Amino acid sequence: MKVGVLALQGDVSEHVSALASAMRSLGISGSVVEVRRQPQLEGLSALLMPGGESTTMAKQMLRFGLTEPIAEFAKSGNPVMGTCAGAILLSSKIVDRKGPEEVRPLGLIDISVRRNAFGRQVDSFEKPLTVKGLDSDFPGIFIRAPRIEKIGKHVESLATLNEEHVMVRENNVMALTFHPELAGDDRVHSMFLSMIKP
Ligand code: GLN
């Protein structure tokens, strides 16, 4: 099994390590590859879009011709997970975005997000989360997190914080506003790998 992490910008290496650890936990033999160009999508079973800066990532995706291929990859049913900036990119609407076309989200999961909704970098915080399918709390690390303001009727909520959705899934696409790769706990990455059909 080969799983990719979009590696244009953001906290790529942390996700690579968390996925490798999740593979060991699940007893899966496979590899994690960094995706910078379109050919690297070939043969992947799943793709992870990391946190970072969504505007920069969206521009880089366009520049390197990855926007459409990533959308196609997800539309073919392959599991895709986005954390924080990655979730913003997967969304169907960025409500605070009035800027240029080039930062339009991919529209792969029916959620509306508001960027930097909890304030600045110094307002980052950590809170334990109850995640559907996990038997104990998961450390939720929020760094200049977006807020999921609205979810479509086919979107399942997997975790909330103060009654707001922070982890959601629609079919093969999962979006999180926190950073599981920094939690020292590979269970969310394992959940993601479990979405891969044998
Ligand atoms: N604030 C960032 C953005 O708008 C996301 C922050 C993150 O990924 N930790 O893209």
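Preceding this section is the structure that the text describes.
Residues numbered from 1 in each chain as written. Predicted model: local features only at pLDDT ≥ 70, side-chain atom pairs only at ≥ 80, totals over all residues. Heavy atoms only, no water.

Participant: Help me get a handle on empty space enclosed by the protein, residues and values and all.
Facilitator: Applying the stated criterion across every chain yields a total of one cavity of 30 Å³ or more. Taken as a whole, the largest cavity holds about 30 Å³ of empty space. Residue lining of the largest cavity: Ser54, Thr55, Ala58, Ile88, Leu89, Ile94, Arg97 and Val103, and that is the complete set. Broken down by secondary-structure element, the contributors of at least two residues to the lining of the largest cavity are helix H2 (54-63) and helix H4 (85-90). In terms of residue count, the dominant contributor to the lining of the largest cavity is H2 (three residues). Here the lining of the largest cavity is built from residues that sort into five nonpolar, two polar and one charged. (1 Å grid on protein atoms, 1.4 Å probe; cavity = no way out; pocket = protein on both sides within 12 Å on 5 of 7 lines; lining within 4 Å. Points joined across faces, edges and corners; volume = space filled by probe spheres on them. Helix = DSSP H or I, 4+ residues; strand = E, 2+ residues; numbered from the N terminus. Nonpolar A, V, L, I, M, F, W, Y, C, P; charged D, E, K, R; others polar.)

Participant: Would you mind going over the site of the ligand in detail, with residue names and values included?
Facilitator: Every residue near the ligand is listed here: Gly51, Gly52, Glu53, Ser54, Cys84, Ala85, Ile88, Arg115, Asn116, Ile143, Arg144 and His179. The backbone of Gly52 places a nitrogen or oxygen atom 2.9 Å from an oxygen atom of the ligand. Within the side chain of Asn116, a nitrogen or oxygen atom sits 2.5 Å from a nitrogen atom of the ligand. Relative to its unbound accessible area of 300 Å², the ligand is 97% covered by the protein chains. For the ligand, the cavity whose grid points lie within 2 Å of the majority of its atoms is the second largest pocket. Class assignment of the residues belonging to the shell around the ligand gives a composition of four nonpolar, five polar and three charged. (Near = heavy atom within 4 Å. Polar contact = N/O pair within 3.5 Å; in protein donor to acceptor, adjacent residues only side chain to side chain. Areas by Shrake-Rupley, 256 points an atom, 1.4 Å probe, with all protein chains shown as cover. Sits in = over half its atoms within 2 Å of the grid points.)

Participant: Could you give an account of the layout of surface pockets, naming the residues involved and the relevant values?
Facilitator: In this structure, the second largest pocket spans a volume of roughly 200 Å³. Forming the boundary of the second largest pocket are 16 residues, of which Gly52, Glu53, Cys84, Ile143 and Arg144 lie nearest the centre. Looking at the lining of the second largest pocket residue by residue, the classes come out as five nonpolar, seven polar and four charged.

Participant: Let's hear about the environment of Glu72: which residues, and what values?
Facilitator: Among the structural elements, Glu72 can be located in helix H3 (residues 67-75). Classification of Glu72 as partly exposed rests on a relative accessible area of 43%. Note: C-alpha distance between Glu72 and Leu108 (36 residues apart in sequence) is 9.8 Å. (Buried < 20%, exposed > 50% of the residue type's maximum accessible area, 1.4 Å probe, protein only.)

Participant: Lay out the side chain of Asp185 with the relevant residues and their values.
Facilitator: With respect to the helices and strands, the residue Asp185 is situated in the loop between strand E12 (173-176) and helix H5 (187-194). Given a relative accessible area of 18%, Asp185 falls into the buried group. A distance of 2.9 Å separates the side chain of Asp185 from the side chain of Arg187, its partner in a polar contact. Every residue in contact with Asp185, bar those within four places of it in the chain, is listed here: Phe138, Pro139 and Pro180. (Contact = heavy atoms within 4.5 Å.)

Participant: Pulling in residues and values, what's your account of the nonpolar core?
Facilitator: Of all hydrophobic cores here, the largest spans 33 residues; its most connected members are Leu47, Met49, Met61 and Ile70. Residue assignment for this core shows that the elements contributing at least two residues are strand E3 (46-49), H2, H3, H4, strand E6 (111-114) and E12. Looking at which element gives the most residues to this core, the answer is H4, with five residues. Excluding its chain neighbours within four sequence positions, the residues that come into contact with Met61 are Leu6, Leu8, Met49, Leu66, Thr67, Ile70, Leu89 and Leu106. Within the second largest apolar cluster, 31 residues are counted, among which are Leu19, Ala46, Leu134 and Leu158. (Core = buried A, V, L, I, M, F, W, Y, C linked by side-chain atoms within 4.5 Å.)

Participant: Describe in detail the pattern of salt bridges, supporting the description with residues and values.
Facilitator: In this structure the tally under the stated criterion is nine salt bridges. Of the charged contacts in the structure, one is a salt bridge between Lys132 and Glu156, with a shortest N-O distance of 3.2 Å. Of the two residues, Lys132 sits in the loop between strand E7 (125-129) and strand E8 (138-142) while Glu156 sits in strand E10 (residues 156-161), which places them 24 residues apart along the sequence. Exposure remark for Glu156: the relative accessible area of 36% places this residue in the partly exposed category. If you follow the salt bridges from partner to partner, you end up with Glu53, Asp96, Arg115 and Arg144 in one network. (Salt bridge = Lys/Arg side-chain N within 4 Å of Asp/Glu carboxyl O.)

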